[in-house]
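# Fold and contact review
Listed below are the residues making up each chain.
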Amino acid sequence: MTPEALLSMRDPLGAPIHPLPLQILLVVTYVLHILFVTTAIGGLTLGLYGLRRSEENWRRLAQVSIRLAVQSTGLGITMGIAPLLFVQVIYDPAWYSATTTMGLWTTLFIPVVAIGYFLLYVLYLRGNLAGVGYVSLALLLLAGWIMHNLASYGLYPSRWVEWYAPGGVADTRGLAFHGSNLPRFGALLFGQAALSLGVMLLLFAWYFRRREDVPRDFLAFVEGQAKGALRLGALLFGLLGALWALTQGAEVGLTLPILLVVAAVALVFYGHSARARMEGALGTLGLYLLALLVVGVLREGMRASALGRLGYSAMGYPYVWDWGSILFFVATGIAAVPVIVYLAQVLYASGQKPQGADPSAGVERFGDLGVRLLVGWFLFYFALGLFVVVRNL
């Protein structure tokens, strides 16, 4: 792969906006995506373990964890769309080369996720079909492995031609994985899964701490498991992250930055695990989101460094201001935020009492505002579409 060939693979139409906000949104949305994905893996793993135990607290926590995995999987899938779209805009040569070279696995990704999610729902509804849960976990891990390869592929542009046409003969089967690194996969999935699970369990105990119908000993048990998960996650992330630095990090010349990041995250959460309390769950969540943001920046730094050696820079991506797309994006954001905040407030209020609770008048007014904005968004959507159609007749 020559620098000229790499640059020629960019979309000739360019990006619809300056690449800087796209790069920032890519990292931010990745943080939310990976938070829910790793929570799903951690929740399902804990749930399957809990089903094997006979103690009441473990059985109860297993049901909580499986339900957490179901909801997190749905949120992880939804949130994964955003960073995927941003990658396709400013890193399209890497993304489309990867999806072409590993075409079979790219095609299988959505069916694998769908079947894994379906089986997870079966486990949630039936409650005791552990075998179904193990198959679901295996499929979700396979989906993670596919996405890991598609992402890591972009770190090795000098090998793309060799992988696509080994020995000079094009291999169009798309069977082989390329660019994988087991320590990176383990650190970013299993290490972060334990950390995410620890944070979510603390939030669970914090949320139900004022409910009189939730036993105190169960909340204390959940808090204890949260501390253990944070400790385990710190160890896994630190050890596997160090191996990641010494293997893939050395290949791309970023051993020291990776070592510093994984050591900082591991030490912070190992130390924090001893003093984490359900009352401070929101602080732990904020600390963890900051850690995920740092790891997200590190991932982007690796990609930028690897592609930069061939003269590729996301900041140098050609762009033209597409005001129609920008207006549509901004209008969608304005309409979506009040609706999402309203739904979050309703969900938060509904579980504070055993019999549920009606939203306050202020929350209801927020919901009315969201409905009006949604109506406005639909009108804007059709008006913009009609304008584009008429203008191009």
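Quantities reported herein were computed from a predicted structural model and do not represent experimental measurements.

Attention now moves to the overall build of the chain. Check the secondary structure of the chain and you find 13 helices and zero strands. From first element to last, N terminus to C terminus, the chain shows the α and β order α-α-α-α-α-α-α-α-α-α-α-α-α. The C-alpha atoms of the chain give 23 Å as radius of gyration, which agrees with the globular expectation for 393 residues (21 Å, within 12%). Each principal axis of the C-alpha distribution contributes one length, and for the chain these read about 65 × 55 × 35 Å. The burial tally for the chain puts 44% of its 393 residues in the buried class. Counted over contacts in the chain with a minimum sequence separation of 6, partners at least 24 positions apart contribute 81%. Carbon and sulfur atoms form 70% of the exposed surface of the chain, whose accessible area is close to 19500 Å². If you average the places of the 25 positive and of the 18 negative side-chain charges in the chain, the two averages end up 5 Å apart.

Another point: the packing of helix α8 (residues 182–208) against helix α9 (residues 216–251). Here α8 crosses α9 at 160°, and the two axes come no closer than 7 Å. In this view, α8 runs roughly antiparallel relative to α9, as classed from their interaxial angle. Judged by the sense of rotation from one axis to the other, the crossing of α8 with α9 is left-handed. Class assignment of the residues belonging to the contact of α8 with α9 gives a composition of 26 nonpolar, nine polar and three charged.

So, on to the packing of aromatic side chains. Considering all chains together, one arrives at 25 aromatic pairs under this definition. Ring geometry for Trp58 and Phe221: centres 5.2 Å apart, planes at 85°, overall edge-to-face. With Trp58 in helix α3 (residues 56–90) and Phe221 in helix α9, the pair connects residues that are 163 residues apart, well separated along the chain. Both rings, one in Trp377 and one in Phe378, keep their centres 5.2 Å apart while their planes meet at 80°; by these two values the pair is edge-to-face. For the cation-ring pair, Arg303 lies above Tyr91, with the distance from its terminal atom to the ring centre recorded as 4.6 Å.

Looking at the element boundaries, Arg211 is found in the loop between α8 and α9. For Arg211, a relative accessible area of 11% translates into the label buried. Of note is the side chain of Arg211, whose polar atom sits 2.8 Å from the side chain of Asp213.

At a closest axis distance of 6 Å, the pairing of helix α2 (residues 19–51) and α3 adopts a crossing angle of 155°. In terms of orientation, α2 lies roughly antiparallel with respect to α3. Two packed elements cross with a definite hand, and for α2 against α3 that hand is left-handed.

Judged by nonpolar contacts, the single largest core of 79 residues is most densely connected at Leu61, Tyr91, Ile258, Val265 and Phe269. Counting residues per element, this core draws most heavily on α8, at 14 residues. Aside from chain neighbours lying at most four places away, what touches Tyr91 is Gln23, Leu26, Phe86, Glu300, Arg303, Ala304, Leu307, Tyr312 and Ala314. If you look at the next biggest cluster of nonpolar residues, it comprises 16 residues, including Ile41, Ile66, Leu137 and Leu140.

This part is about the environment of Gln345. With respect to the helices, strands and loops of the structure, Gln345 is situated in helix α12 (residues 323–350). Overall, Gln345 belongs to the partly exposed group, its relative accessible area being 30%. Between the C-alpha atom of Gln345 and that of Phe366, which follows or precedes it by 21 residues, the distance is 9.6 Å. For Gln345, the residues in contact, after removing those within four places along its chain, are Val363 and Phe366.

Turning our eyes to something else, we now look at the environment of Arg365. Note that Arg365 resides in helix α13 (residues 361–391). Between the alpha carbons of Arg365 and Tyr342 there is a distance of 9.2 Å; along the sequence they are 23 residues apart.

On the surface, Leu20, Ile24, Val28, Leu290, Leu293, Val294, Val297 and Met315 cluster together into a nonpolar patch covering about 640 Å² of accessible area. Counting only elements with at least two residues in the nonpolar patch, the list comes to α2 and α11 (281–308). Along the chain, Val297 falls in helix α11. Residue classification places Val297 among the partly exposed positions, given a relative accessible area of 47%.

This paragraph deals with helix α5 (residues 103–126). Spanning 24 residues, α5 covers 35 Å between terminal C-alpha atoms, matching the ideal 34 Å at 1.5 Å per step. At Phe109, α5 shows its largest kink, close to 35°, and the proline Pro111 lies no more than four residues downstream. Among all positions of α5, only Gly103, Trp105, Val112, Val113, Gly116, Leu119, Leu120 and Leu123 are buried. On the buried face of α5, the contacting elements are α2, α3, α4 (92–101) and α6 (130–152). Positive backbone phi, approximately 85°, marks Gly127, located one or two places after α5.

Reading the values: the criteria
- Residues numbered from 1 in each chain as written.
- Predicted model: local features only at pLDDT ≥ 70, side-chain atom pairs only at ≥ 80, totals over all residues.
- Heavy atoms only, no water.
- Helix = DSSP H or I, 4+ residues; strand = E, 2+ residues; numbered from the N terminus.
- Rg over C-alpha atoms; globule rule 2.2 N^0.38 Å.
- Buried < 20%, exposed > 50% of the residue type's maximum accessible area, 1.4 Å probe, protein only.
- Contact = heavy atoms within 4.5 Å.
- Areas by Shrake-Rupley, 256 points an atom, 1.4 Å probe, with all protein chains shown as cover.
- Lys, Arg positive; Asp, Glu negative; His and termini not counted.
- Charge placed at Lys NZ, Arg CZ, Asp CG, Glu CD.
- Axes fitted to C-alpha atoms, helices over the stretch in contact; angles between N-to-C directions.
- Parallel < 35°, antiparallel > 145°, perpendicular 65-115°, else oblique.
- Left-handed = near helix turned anticlockwise from the far one by under 90°.
- Nonpolar A, V, L, I, M, F, W, Y, C, P; charged D, E, K, R; others polar.
- Phe/Tyr/Trp six-rings, centres within 6.5 Å; stacked < 30°, edge-to-face > 60°.
- Lys NZ or Arg CZ within 6 Å of the ring centre and 35° of its normal.
- Polar contact = N/O pair within 3.5 Å; in protein donor to acceptor, adjacent residues only side chain to side chain.
- Core = buried A, V, L, I, M, F, W, Y, C linked by side-chain atoms within 4.5 Å.
- Patch = residues over 30% accessible without salt bridge, like charges linked within 9 Å, V, L, I, M, F, W, Y side chains within 5 Å.
- Salt bridge = Lys/Arg side-chain N within 4 Å of Asp/Glu carboxyl O.
- Expected span 1.5 Å × (residues − 1).
- Bend = angle between axes of the 7 residues up to and from the residue.

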